[in-house]
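# Fold and contact review
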Amino acid sequence: MKPLKLFALLLISITSFGQKSPVEHLNRLSTDYDQINKDTWDYIRQASRGKNANKLEKRRSELAATLRKAKYNVSKVPVYQGDNSLKQAYANYLSLTYNMINNNYKKIVDMEKVAEDSYDAMEAYLLTKERTNKKMDSASAALTAAQDEYVAKHNITLRESSSRISKKLNNAGEVIEYYNKIYLIFFKSNFYEGEMIKALSNGSVGDMEQFRQTLELVSKEGTEELKNIGSFKNDNSLKDVCFKMLEFYYSEAVRYMPKQIDFYAKKDRFETLSKNMESKKQSQLTQKDIDEYNNAVKEYNAAISEFNETNEYLNKFRTKRYNEFNKTVDSFYKKFL
């Protein structure tokens, strides 16, 4: 969301005795704006990344109430010398912002609940947030234009504040859009890895192999997509850490998961032969039956050890990569927002 200027006002023109000054009119219209701008940005900044919009529901409701009150206050400000343009610009801005916070972000909270169910749901969720922020950018730009026209008309000199919030707001939309682009690439592989692990826990060999192949494909495609994405203001941190995550996913799918799937094949063979041995009388067992069973026992016992070691390694390395990813995202947001 782009910022409006934070103003320190200096009146250049001299108004006629008994008339309200144009500066007073501007100040009355902007009384609530600075705090609303700060609160709106604080809400959007926190709701812009990941799974926290629902936790901020109380703040969203409070902000909507504040915007509704500000709209009422602006409606009570008299028109200045027959010129309604600035008042209307403030009213339009507050109405659109209220609608975005009260309606659009309410929808975003609802979408967040199912965003992780699929790649399409996550993409729709992030795109909805992007579009909402762009609409608010447009409303902000329209109000800034109306302010510029008003101060020029009435010979008012405005000194812009160089506040930290104002600087951060200038590139907020770019930051969020860049993050979303990287995050979607990460999420796609992360989603299919989750499905693969779920199948692994259920012992579903067919599903394991299906999701293993999908993870191999999407992690490879994601790596190619990342190569076509540049840095953000010469910062490659998000891109680099996403590369590392995709390297892990690809290695997991190609190098390690086939061994885990093979474990279940050995387990199934062992259990089948065990049932076969139990179903026959001792006199009915052939040497071939005994040899096959003994070999299956050895293979299964060896596979159990390898399965557990591989699982332990993957869990440790996955946690390490997740922590690196989240730490990098936090640093990226602190740096640019």
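Our structure is the block above this text.
Residues numbered from 1 in each chain as written. Predicted model: local features only at pLDDT ≥ 70, side-chain atom pairs only at ≥ 80, totals over all residues. Heavy atoms only, no water.

### Section: the environment of R131
Turning to its location among the elements, R131 is positioned in helix α5 (residues 119–153). Residue classification places R131 among the exposed residues on the basis of a relative accessible area of 52%. Each C-alpha atom of the pair R131 and E177 lies 10.0 Å from the other, and the pair is 46 residues apart in sequence. (Helix = DSSP H or I, 4+ residues; strand = E, 2+ residues; numbered from the N terminus. Buried < 20%, exposed > 50% of the residue type's maximum accessible area, 1.4 Å probe, protein only.)

### Regarding helix α1 (residues 22–29)
Within α1, burial applies to P22, V23, H25, L26 and L29. For α1, the angular spread of the buried residues around the axis is 160°, confining them to a single face. (Arc of directions from axis to C-beta.)

### Here's the deal with the packing of aromatic side chains
The final tally for this structure, using the stated rule, is 26 aromatic pairs. Over the aromatic face of Y119 sits the side chain of K188, whose NZ or CZ is 4.9 Å from the ring centroid. Over the aromatic face of F232 sits the side chain of K233, whose NZ or CZ is 5.5 Å from the ring centroid. (Phe/Tyr/Trp six-rings, centres within 6.5 Å; stacked < 30°, edge-to-face > 60°. Lys NZ or Arg CZ within 6 Å of the ring centre and 35° of its normal.)

### With respect to the pattern of salt bridges
All told, the structure shown has 18 salt bridges when counted by the stated rule. Residue D110 pairs with K106 through a salt bridge whose shortest N-O separation is 3.6 Å. Of this pair, D110 and K106 both sit in helix α4 (residues 85–112), 4 residues apart, roughly one helical turn. Look at D110 and you get partly exposed, because its relative accessible area is 35%. In this structure, the salt-bridge partner of R318 is E252, at a minimum N-O distance of 2.8 Å. Here the residue R318 occupies a position in helix α10 (residues 287–336), and E252 occupies one in helix α9 (residues 237–279), the gap between them amounting to 66 residues. For E252, a relative accessible area of 1% gives the class buried. Sharing partners across several salt bridges, the network here consists of K106, D110 and K113. (Salt bridge = Lys/Arg side-chain N within 4 Å of Asp/Glu carboxyl O.)

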